[in-house]
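Structural overview
Single-letter residue listing:
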Amino acid sequence: MAKRMILMLVGVTLFIGVIAAVKTHQVKAAVAQNSSYKPPPEAVTTIVARQENWPETLAAIGTIAAVRGVTVSADLAGIVARIGFESGKAVKQGDVLVELDTRQERAQLAAAEAARDLARLNLERARGLNAEGVTARADFDQAEAAQKEADARVGEIRATIERKTIRAPFAGSLGIRQINLGQYLNEGAPVVPLQSLDPIFVNFSVPQQQLANLRLGASVRVTAEGAGVSSTGRVTAVDSVVDPATRNVQVQATLGNADAKLRPGMFVQSSLSIGSSNSAVTVPTSAINYAPYGDSVFVVEDLKDPKGQTYRGVRQQFVKLGGGRGDQVAIVSGVKSGEEIVTSGVFKLRNGAAVQVNNKVQPGNNPAPRPEDS
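Since this is a predicted model, take the numbers as computed values, not measurements.

What follows is about unusual backbone geometry. That bond from D198 to P199 is cis: its omega, 0°, falls within 30 degrees of zero. Residue position: P199 is located in strand 9 (residues 190-207). The phi angle at R247 is positive, at roughly 60°, despite the residue not being glycine. Mapped onto the elements, R247 comes out in the loop between strand 11 (229-242) and strand 12 (248-255).

The structure is reproduced here in structure tokens:
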């Protein structure tokens, strides 16, 4: 019995040992296989970095403003008798926009003109009688004052009638009508917005550190992305004070707007020329790997694996960026002209990763793009 138990224990021990040896062999084989495994190369697009003439510019967010813009309003209260404009139309200076009811004032004017004519007759009589010595000088002076008062009364009523005719103060484009025929308008009630659109202003702010580079007449390029509008103007004014809250200074540029595509209140991207052109290495913005610890690009070159075999891989290179222009960005340092830079697929790369270049479809690299959906 004891001998049988011993044989059984020996058998179980041998079985366990064999199983352990087999599993150990399998684990070692798996580890060896994983250590020799190489992930497939990542598909990327590339571009050869080149030195280009890069203008020194400052990008800023701007807002379009009219050179002249008002909301035309009623000078005096009254009922709208006639509307002489249509919403959104262009008008010339002096065009009649609205006429208020002046029937009462015109009746008063007729009475005032009759009183003026009578005062003139009385003055002529008083002048003749005074020349003959029939009446006193005081009577003549009183008649003369009455005649002047009657003239002033006529002029006052005519001015009231004229003030009830609302005219365009300058040439421009009208907005949406805010009144209706027969409506009673109070003094100062809005009638219609009026904006002069050509030329037009763009206002933007720049940091106080750039004050030394600002100059009147500097070129400004304005782009309204949503409207697909791009125009060039000149700096015409720089504010005399710096905003103490933001430490920025307000700059105003003037540009042509003959087609009226730029409208007051529009958001635009402004690019201000602040110096002469410099030479810089340019790459598409899609080539930059932005990160809090530093911006970088991936340079494609021949690398060697641990076994000494050569393969096409990437080297992560930290860079210092300059300004942007359309689809492009300038690299101040970190990349040399002639190096092959990854332009798409950056997010899936790591230092030393193998890559496969396929440049059939390239990302945008236009300094002045015109999006098809704009």
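Further remarks concern the environment of R247. Judged by its relative accessible area of 47%, R247 falls in the partly exposed class. When the C-alpha positions of R247 and Q209 are compared, they lie 9.0 Å apart, and in sequence the two are 38 residues distant. Excluding anything up to four places from it in sequence, R247 contacts P207, Q208 and V242. Reaching out from R247, the side chain makes a polar contact with the backbone oxygen of P244 at a distance of 3.3 Å.

What follows concerns the packing of aromatic side chains. If you walk through the whole model with that rule in mind, you get 1 aromatic pair. Centre to centre, the rings of Y293 and F318 are 6.0 Å apart; their planes meet at 70°, and the pair counts as edge-to-face. Taken as a pair, Y293 in the loop between strand 13 (267-284) and strand 14 (296-304) and F318 in strand 15 (residues 310-318) lie far apart in primary sequence, 25 residues in all. Classification of Y293 as exposed rests on a relative accessible area of 62%.

Quick notes on the rules
- Residues numbered from 1 in each chain as written.
- Predicted model: local features only at pLDDT ≥ 70, side-chain atom pairs only at ≥ 80, totals over all residues.
- Heavy atoms only, no water.
- Helix = DSSP H or I, 4+ residues; strand = E, 2+ residues; numbered from the N terminus.
- Buried < 20%, exposed > 50% of the residue type's maximum accessible area, 1.4 Å probe, protein only.
- Contact = heavy atoms within 4.5 Å.
- Polar contact = N/O pair within 3.5 Å; in protein donor to acceptor, adjacent residues only side chain to side chain.
- Phe/Tyr/Trp six-rings, centres within 6.5 Å; stacked < 30°, edge-to-face > 60°.

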